[in-house]
Amino acid sequence: MARRLGGPASLHRAGRAVQRDLERREPYNFLQVALFKLKKLDKAVAAAHTFFMANPQHLQMREDIEKYQRMAGVKSDSFQDLEAMPHWKAYETGVQHYKVDEYQEAVVKLEESLKEVLLALEDCRALCEGPWEDETEEEMQPGLYEAVAAHYIQVLKCRQQCVLDIATKPGRVSATEDFIPSHFDLLQFAYNQVGNQALAAECAASYLLFYPMDESMLEMMKYYQTELGEGVLVTARENIHHYVQRSLKEKKLIYYAVEHLGETFNDPDLWTPDELIPESLKQKRSLLLHFFYPASPPGPLFFEGLTITQDSRQLNGSQRVVFDRVLTESECKDILRLAKAAGGTGDSYRGRRSPHTPHERFEGLTVLKALQLAQDEVVNWRDAKLLLQASEKSRKIVQSYFTPGKKLHFSFTHLVCRTAVEGEQDDRMDLSHPVHADNCLLDPEGKECWKEPPAYMYRDYSGILYLNDDFKGGELFFTELDAVTVTAQVRPKCGRLVAFSSGGENPHGVWAVTRGRRCAIALWYTLSQERAEQDKQHQGLDDSDGTSPEPPVSKGRARSTSQRRKLGSESPQQPQEARVRDEF
């Protein structure tokens, strides 16, 4: 039995509704009110802060927190997370030390985090035991053997999902990918920097248990072996070897049930060996696109010719990637021709001064508008079709890289061109687009990002597919939460796709376009099917192979107007004008 789980087993299991409330820390919402009325101010503040950490989008609690901050007698150290998981606190502290080259301090905190992660995993696995709530239990009456098998598979799947629970911060939707392997990736480098090659080699060997063919880590192992001498035996950590082997045995049983018993399974690990996965599932996983930790040379990817130019590490952040050769030169030219032909007939911006700067003009063309213009023979139908294919190809690439096994839906797609206004670029100091995040409201002073309206909170991933580079300026750049410290920048070029998670971990902006015209396809994706872009669904593209339907016989203006209205107001709380602040 894992730690903190001693004592007699309970005869009662909390229902799913209760479990969800506990996960969302709902009791702390009520507790802070009760404590405030009892005049226990410090405890009320702690309860409020604890709830807010898991519910950053909760407007009322944000107001309450601000009130507490203004109250006399409230101590700053009262704002503590009573449910803070030890491994997250240690991990984030360790990463901060690592980023500023304080490697000795980073080693201590990352080792502490790793220890707490493994303990938390055992706690989670222990909780997978016991009666299993099955919504279909009343409808189906399986035999004894079937019931035993079904229960055991559910326990195994629950245990496998524990790594996602541990790797997901409170208040976040997505887990940190490769959470355990990334510890060893960071540790091997940090130990090497402080001169401890023996432990660096041990961490590298432990990492190779997850990714045995990783070329860069194999090279590091050769280096460490040379430094230590041929007579020194380098082995991975025993507890990690046990963790990997146990996980692989569980996966093997689960995949057997998937193939022969009709079970389903979303494998939480990117490192699962290809040979373990049934042939019928390999294409769905698209594991060839995943080179997240550590950086690997561009290799054969899911789409022929596609290369990964930069990953998260090279971009100094998390969940960032740059792909090249998504489009050919001729395809870029065809889409640019579409943008030029659409001219001022696009969406409501129509070549007006940019809403972000008076020094640029701004044009936008939605997918639906492109199809309407093709119907009206204003633009080439082939070019409009290519815009659809390019956006769908980009969606598949981003989905395969970031969310294998989870469907990404289009949230919004926009062909955007920015043109420098001639004669108005001298001594220019502003940006083409200010620093922002795509699904939360950036607060640079507080170094936070608030998930609340009018932010597009349902957006999970963002992408920019560039079409040209014959202009000056216009680079995309990433910053810290302070919106000032630049961590990375990307130069546009034809066929280059930049993709990243849409939250506060990736604030970004665009440097001023000081000469020429910069065009790109801006893409936003959501994991929520309810929030999927209506136009793509109507056109039948969201589940397609990237092809578009033939031009309809009737122009169907009434239906097109309805579709355009849906596209322009994804949320009833957000006016049409609000969209411009999210264009790349």
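Provided above is the structure to which this section pertains.
Source: prediction; values computed, not measured.

*Asks:* Describe the overall build of the chain, and please don't skip the residues or the numbers.
*Replies:* Scanning the chain from N- to C-terminus turns up 17 helices and 16 strands. Within the chain, buried positions represent 49% of all 584 residues. Within the chain, contacts between residues separated by at least 24 positions form 73% of all contacts whose residues are at least 6 apart in sequence. With an accessible surface of roughly 28,900 Å², the chain has 53% of that area assigned to carbon and sulfur atoms.

*Asks:* Got a sec to walk through the sheet that holds strand S14 (residues 508-510)? Specific residues and values, please.
*Replies:* Spatially, the 4 strands line up as an open sheet ordered S6-S14-S11-S12, and their pairing is antiparallel. Only two strands of the sheet have a single partner each, and these edge strands are strand S6 (433-436) and strand S12 (486-490). Across the sheet, the axes of successive neighbouring strands diverge by a mean angle of 20°, strand direction being ignored. With 2 bridges joining them, S6 and S14 adopt antiparallel strand pairing. When the bridges of S14 are listed, His436 appears paired with His508.

*Asks:* Which residues make up the pairing of strand S16 (residues 517-526), and what values do they have?
*Replies:* Of all 10 residues that make up S16, 9 are buried, and the element is covered over most of its length. Bridge analysis of strand S5 (residues 409-420) against S16 gives 10 bridges, and the strand direction is antiparallel. In the sheet register, Leu415 faces S16, and the bridge partner there is Ile521. Bridge count for strand S9 (residues 461-466) against S16 is 6 bridges, and the pairing is antiparallel. Opposite Gly463, over in S16, you have Leu523 as the bridge partner.

*Asks:* Please give an account of the side chain of Thr50 that cites residues and values.
*Replies:* Assignment of secondary structure puts Thr50 in helix H3 (residues 41-54). You can call Thr50 buried: its relative accessible area is 0%. Engagement of the side chain of Thr50 in a polar contact is seen with the backbone nitrogen of Leu82, the distance being 2.8 Å. Excluding its chain neighbours within four sequence positions, the residues that come into contact with Thr50 are Arg25, Tyr28, Gln80, Asp81, Leu82 and Glu83.

*Asks:* Go over the nonpolar core with me, naming the residues and quoting the values.
*Replies:* In terms of nonpolar packing, the biggest core is built from 47 residues, with Leu121, Ile180, Phe184, Phe210 and Tyr243 touching the most fellow members. Those elements that place two or more of their residues in this core are helix H5 (86-99), helix H6 (103-126), helix H7 (144-166), helix H8 (179-193), helix H9 (197-210), helix H10 (215-228) and helix H11 (238-260). For this core, the element with the most residues is H6, which contributes 10 residues. Contact partners of Ile180, with chain neighbours within four places excluded, come to Leu114, Val117, Leu118, Leu121, Val163, Phe210 and Tyr243. In this structure, Leu371, Trp381, Leu387 and Leu408 belong to the second largest nonpolar core, which totals 42 residues.

*Asks:* Pulling in residues and values, what's your account of the environment of Trp271?
*Replies:* By secondary structure assignment, the location of Trp271 is in the loop between H11 and helix H12 (279-285). Along the chain, Trp271 and Pro181 lie 90 residues apart, while their C-alpha atoms are 8.9 Å from each other. In this structure the side chain of Trp271 is engaged in a polar contact, spanning 3.3 Å, whose partner is the side chain of Asp269.

*Asks:* I'd like to hear about the pairing of S9, residue by residue, with values.
*Replies:* Judged by how many residues are buried, S9 sits mostly within the fold: 6 of 6 residues are covered. Neither face of S9 is open: one carries Tyr461, Gly463 and Leu465, the other Ser462, Ile464 and Tyr466, and all of them are buried.

*Asks:* Quick rundown of the packing of aromatic side chains? Include the residues and the values.
*Replies:* One pass over the structure, following the stated rule, counts 21 aromatic pairs. Consider the rings of Phe210 and Trp271, whose centres lie 5.2 Å apart with planes at 80°: the pair is edge-to-face. Of this pair, Phe210 sits in helix H9 while Trp271 is found in the loop between H11 and H12, placing the two residues 61 residues apart along the sequence. Looking at Phe210, the relative accessible area reads 2%, which means it is buried. Here the basic side chain of Lys251 rests over the ring of Trp271, its NZ or CZ set 5.3 Å away from the ring centre. Looking at Arg320, its charged tip hangs above the ring of Phe478, at a distance of 4.2 Å from the centre.

*Asks:* Got a sec to walk through helix H14 (residues 367-375)? Specific residues and values, please.
*Replies:* For H14, the tally of buried residues reaches 8 of 9 residues, placing the bulk of the element in the interior. Listed in full, the buried residues belonging to H14 are Val367, Leu368, Ala370, Leu371, Gln372, Leu373, Ala374 and Gln375. Of the residues trailing H14, Glu377 is marked for its positive phi of about 60°.

*Asks:* Tell me about the pattern of salt bridges, and please be specific about residues and values.
*Replies:* Summed over all chains, the structure comprises 23 salt bridges. In this structure, the salt-bridge partner of Glu26 is Arg24, at a minimum N-O distance of 3.8 Å. A salt bridge links Glu122 to Arg246, with the shortest nitrogen-to-oxygen separation between them at 2.9 Å. On the criterion of sequence distance, the pair formed by Glu122 in helix H6 and Arg246 in helix H11 is long-range, its members being 124 residues apart. On the basis of relative accessibility, which here comes to 33%, the residue Glu122 falls in the partly exposed class.

*Asks:* Run through the environment of Met61, naming residues and quoting values.
*Replies:* With respect to the helices and strands, the residue Met61 is situated in helix H4 (residues 59-70). Residue classification places Met61 among the buried residues on the basis of a relative accessible area of 0%. Separated by 10 residues in sequence, Met61 and Phe51 place their C-alpha atoms 8.1 Å apart. Residues within four places of Met61 in sequence aside, it is in contact with Asn29, Gln32, Ala48, Phe51 and Phe52.

The rules behind the values
Residues numbered from 1 in each chain as written. Predicted model: local features only at pLDDT ≥ 70, side-chain atom pairs only at ≥ 80, totals over all residues. Heavy atoms only, no water. Helix = DSSP H or I, 4+ residues; strand = E, 2+ residues; numbered from the N terminus. Buried < 20%, exposed > 50% of the residue type's maximum accessible area, 1.4 Å probe, protein only. Contact = heavy atoms within 4.5 Å. Areas by Shrake-Rupley, 256 points an atom, 1.4 Å probe, with all protein chains shown as cover. Pairing = 2+ DSSP bridges. Axes fitted to C-alpha atoms, helices over the stretch in contact; angles between N-to-C directions. Polar contact = N/O pair within 3.5 Å; in protein donor to acceptor, adjacent residues only side chain to side chain. Core = buried A, V, L, I, M, F, W, Y, C linked by side-chain atoms within 4.5 Å. Phe/Tyr/Trp six-rings, centres within 6.5 Å; stacked < 30°, edge-to-face > 60°. Lys NZ or Arg CZ within 6 Å of the ring centre and 35° of its normal. Salt bridge = Lys/Arg side-chain N within 4 Å of Asp/Glu carboxyl O.

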